[in-house]
Structure formats: C-alpha cells, structure tokens
Amino acid sequence: MFAFAVLFGCSTAEITDNQGEQHNEAALDENTRVDFSAEVARESVSLDSSQVEKITVPNMDYLVNTGDVLLLNINGEPGFEAMNVRVDAEGYIQLPIIESAQVSGKSLRSIQDKLKRIYSKDFKSPWVLVSISEYRSQPLYFLGEFNSPGVIYMQGPTNLLQGLGLAGGMTPESYLSGARLLRDEKIVPVDVKSLLRDGVMAQNIWLQPKDVFYVPGYQDLNVYVLGAVNLPGAQSYRETTTLLSALAQSEGVRTSRGLLSDTRIIRTNSAIAGEL
C-alpha cells in the first residue's frame, strides 16, 4: 500500500484562454522551486529489534487435539486392530471396554503409554500402536495470491517458508511488500519480502495454529493522495503510477492552500519497514 500526502504552497498568476476566460496558474517562487534532477532524499523507518517477532524453536512433537483422527491397534485383537477415532470437543476419544480416554495436548508416545496402562487391566502385557490418520486440529489459512490458497493443517512444527511451500507458492501478481501475517487479531511484524528476495532467515518465523497469511495482488493496491489537492482520496495503483499522474487524477494542487516545501511521500515497504 502506498500513501501520498500532498501539501503544496504556490504563488499564482492569472492567464486568459482563447475563450476569454481567466484562470489561476500555479507557479513556484524561488523559495519553493524544486530541483527534480537531484536525488530524492529518503528516510527509512523500521521497528526496533524488541518489536520484531523472535524465532523460538517449538516443541517438535505433534500434540494431538480436537478434530484429529487417530488410528489405533490394541493387541491385534479383533475389533481393536484398526480403529479410527476422532478427538472430540472435550479432548477425549471413545474406545471399547474403557469407554473414553483424554488425549488432547498429548504426544503420540504419551497416548500410547497411557492406553497400555489402561488396557493392562483387561489384557496381559498389551501392546498399543498409535498414529494419526487425519490432521485436523492445527489449521493455517493462506489467502490471496497463492497458487493453492485455503486451509492447510499443520502436521508438526512449520516455519514460514514451509507454510508458503504447502500453499503452492505465490502467483506472479503477488505484492510481497503488502504480505501480512495475522495472529490473535494482530499483525505479526515479519518481512516476507526480505525473506524471499534477500534471504534474511531471521524472518523465517515458526507459524502457530490459526495463523492467517494474506498476500494481496497488485490489483488490490491503492495510492492515497491527501491534503491540499482538489480531489483527495484513494486511487488504484498501477506499475506506471507516478507522482505527477497521481496529482493529475487528484485534479491538481489547491493553489491557495498548498505548501510545496512540506510535500511528503509515505511508503510502506513491509510490515516492519517503510520510508518517509
């Protein structure tokens, strides 16, 4: 997303067109004249290190939770050798003989050990095999310019690069500077563009269940021209958009109120950096 805050100060002169009508023409005095051949001064701004998401290694064991489907084999007994059981909303699975067992928040090894202890009352030295047949408790949401957008379920610790790969990568229309990761209704400060374009692996954070990753396309972008222009507001962004074309769409500067020396372009480069 781009924003142009335009505040212009101008002197005026009257001109007469070929129909005899008079108009005010904007003209720059010596104090406000701009040398467009000079390099534009830019001030980069970014979050300090304390505000950037830290990379912490998660628990590498997958923890079963509501919605997951477990495949169980208990002692190879008929009726026990291939049971598919779903973890219910309270974190329990329903099983023969013992009726139910609480499994949410546990690893497969912990569930295996727990079921062996429980079934040892009914079987002599029972053995138990536990695996996951359907992962359904830890969704990730990929929206926007992905080749395979939608819901993807984590099957273990998943970092940002792995998540992008699971979503099939991004389309040629993706606007990386506008990519945003939402977590708990807040934007996570992560710079996807620097990760993919510059290989800054510090931005390759671990994803968490229910994260929402959104990548806009160029067709979703707007430029905002604000301040002392005749028609302030949002304009559709195109790769050919320039400052002059944006001003033209805003029907020019309001000559009586504009202040050229305070013109500013505010640009967001990513979730953690921008330019003034």
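You'll find the structure just up there.
Residues numbered from 1 in each chain as written. Predicted model: local features only at pLDDT ≥ 70, side-chain atom pairs only at ≥ 80, totals over all residues. Heavy atoms only, no water.

K.L.:
What am I meant to see in helix 1 (residues 108-119) here?
P.N.:
For an α-helix, 3.6 residues make a turn, and residues three or four places apart therefore share a direction. Taking 1.5 Å as the rise per residue, helix 1 with 12 residues should run 16 Å; its terminal C-alpha atoms sit 16 Å apart, in good agreement. Taken residue by residue, helix 1 has Ile 111, Lys 114, Leu 115 and Tyr 119 as its buried positions. Seen along its axis, helix 1 keeps its buried residues to an arc of 120 degrees; they face one direction. Among the exposed residues of helix 1, those pointing more than 90 degrees away from its buried face are Arg 109 and Arg 117. Along its buried surface, helix 1 packs onto strand 5 (69-74), strand 7 (92-95), strand 8 (99-102) and strand 9 (128-134). (Helix = DSSP H or I, 4+ residues; strand = E, 2+ residues; numbered from the N terminus. Expected span 1.5 Å × (residues − 1). Buried < 20%, exposed > 50% of the residue type's maximum accessible area, 1.4 Å probe, protein only. Arc of directions from axis to C-beta. Contact = heavy atoms within 4.5 Å.)

K.L.:
Just checking my understanding: could you explain the nonpolar core for this structure?
P.N.:
Soluble globular proteins tend to pack their nonpolar side chains together in the buried interior. Core analysis: the largest hydrophobic core is formed by 21 residues, its most contacted members being Val 64, Leu 70, Leu 72, Ile 93, Leu 95, Leu 115 and Tyr 119. Every element with two or more residues in this core is listed here: strand 5, strand 6 (83-86), strand 7, helix 1 and strand 9. Leave out the neighbours within four places in its chain, and Leu 115 touches Leu 72, Leu 95, Ile 98, Ala 101, Val 128 and Val 130. Membership of the second largest hydrophobic core comes to 18 residues, among which are Phe 146, Ile 152, Ala 179 and Leu 181. (Core = buried A, V, L, I, M, F, W, Y, C linked by side-chain atoms within 4.5 Å.)

K.L.:
Please clarify how the sheet that holds strand 10 (residues 139-144) should be interpreted in this entry.
P.N.:
For sheets, the rule is that strands pair by backbone hydrogen bonds, running either parallel or antiparallel. Spatially, the 5 strands line up as an open sheet ordered 11-10-14-12-13, and their pairing is mixed. Each edge of the open sheet is held by one strand with a lone partner, namely strand 11 (150-153) and strand 13 (186-188). Neighbour-to-neighbour, the strand axes of the sheet open up by a mean angle of 30 degrees, direction not taken into account. Bridge count for strand 10 against strand 14 (residues 212-215) is 4 bridges, and the pairing is parallel. (Pairing = 2+ DSSP bridges. Axes fitted to C-alpha atoms, helices over the stretch in contact; angles between N-to-C directions.)

K.L.:
Would you mind showing me how to read the environment of Pro 189 here?
P.N.:
Considering the arrangement of structural elements, one finds Pro 189 in the loop between strand 13 and helix 3 (192-198). Exposure remark for Pro 189: the relative accessible area of 15% places this residue in the buried category. In this structure the C-alpha to C-alpha distance between Pro 189 and Gln 203, which are 14 residues apart in sequence, comes to 9.0 Å.

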